[in-house]
Amino acid sequence: MALADLLSSFLPTVYAEEEQHEEQPEEPVEEVEEEEPEDPKEAIMEECGNSKECASLKHHLEECAERVENGSHEDCIEEFFHFMHCADACAAPKVFEATV
């Protein structure tokens, strides 16, 4: 009798088997699409950009953009920032009020 035969008489032989995973069919999940409320910021910013408080800054920005289109080598960053600062200052309280 071999050593393997002697051990197998005392200890049972266990074979590794693949685990079987039962795949459950996926249930279709109905996604409810909620409409997001419209962001009022864009309309308020446009309104403020066209206001009389920001009119002169918008005019300077448009003049600068026209010069650049005609071949000037300047940029209009300063004019843009001044205009956006004015529009933001005008729009911030209105946007806050509209979202609260």
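Predicted model, so just to flag it, every value in this text is computed and none were measured.

**What about the environment of Glu78?**
In step 1: Tracing the backbone shows Glu78 in helix 4 (residues 77-99).
In step 2: With a relative accessible area of 55%, Glu78 lands in the exposed category.
In step 3: Counting along the chain gives 14 residues from Glu78 to Cys64, while the straight-line C-alpha distance between them is 10.0 Å.

**Examining the pattern of salt bridges**
In step 1: All told, the structure shown has two salt bridges when counted by the stated rule.
In step 2: When the shortest N-O distance is used, the salt bridge between Glu47 and Lys94 registers 3.7 Å. Note that Glu47 is positioned in helix 2 (residues 41-49) and Lys94 in helix 4, a separation of 47 residues in sequence.
In step 3: The residue Arg67 makes a salt bridge to Glu74 at a minimum N-O spacing of 2.7 Å.
In step 4: The class for Arg67 is partly exposed, based on a relative accessible area of 36%.
In step 5: Since its relative accessible area comes to 31%, Glu74 is described here as partly exposed.

**As for the state of the cysteines**
Note on terminology: a disulfide is the covalent bond linking the sulfur atoms of two cysteines.
In step 1: By the definition in use, this model includes three disulfides.
In step 2: Here Cys64 is linked by a disulfide to Cys76, with a sulfur-sulfur distance of 2.0 Å. For the disulfide bridge between Cys64 and Cys76, the dihedral angle about the S-S bond is near -95°, and by the sign convention the bridge is left-handed. Of this pair, Cys64 sits in helix 3 (residues 52-69) while Cys76 sits in the loop between helix 3 and helix 4, and the two are 12 residues apart along the sequence. As far as burial versus exposure is concerned, Cys64 and Cys76 are alike and both buried.
In step 3: What connects to what in the chain, once the bonded cysteines are numbered by sequence position, is 1-6, 2-5, 3-4.

**Focus: the nonpolar core**
In step 1: Residues Ile44, Met45, Cys48, Ala87, Cys90, Ala91 and Val95 constitute the largest nonpolar core, which totals seven residues.
In step 2: Secondary-structure elements contributing two or more residues to this core are helix 2 and helix 4.
In step 3: The element contributing the most residues to this core is helix 4, with four residues.
In step 4: Those residues in contact with Val95 that sit more than four places away from it in its chain are Lys41 and Ile44.
In step 5: The next biggest cluster of nonpolar side chains, apart from the first, holds six residues, and it includes Cys64, Cys76, Phe83 and Cys86.

**So, a nonpolar patch on the surface**
In step 1: A cluster of nonpolar side chains, Ile77, Phe80 and Phe81, forms an exposed patch at the surface whose accessible area comes to about 300 Å².
In step 2: Considering the arrangement of structural elements, one finds Ile77 in helix 4.

What counts, and where the lines are drawn
Residues numbered from 1 in each chain as written. Predicted model: local features only at pLDDT ≥ 70, side-chain atom pairs only at ≥ 80, totals over all residues. Heavy atoms only, no water. Helix = DSSP H or I, 4+ residues; strand = E, 2+ residues; numbered from the N terminus. Buried < 20%, exposed > 50% of the residue type's maximum accessible area, 1.4 Å probe, protein only. Salt bridge = Lys/Arg side-chain N within 4 Å of Asp/Glu carboxyl O. Disulfide = S-S within 2.5 Å. Core = buried A, V, L, I, M, F, W, Y, C linked by side-chain atoms within 4.5 Å. Contact = heavy atoms within 4.5 Å. Patch = residues over 30% accessible without salt bridge, like charges linked within 9 Å, V, L, I, M, F, W, Y side chains within 5 Å. Areas by Shrake-Rupley, 256 points an atom, 1.4 Å probe, with all protein chains shown as cover.

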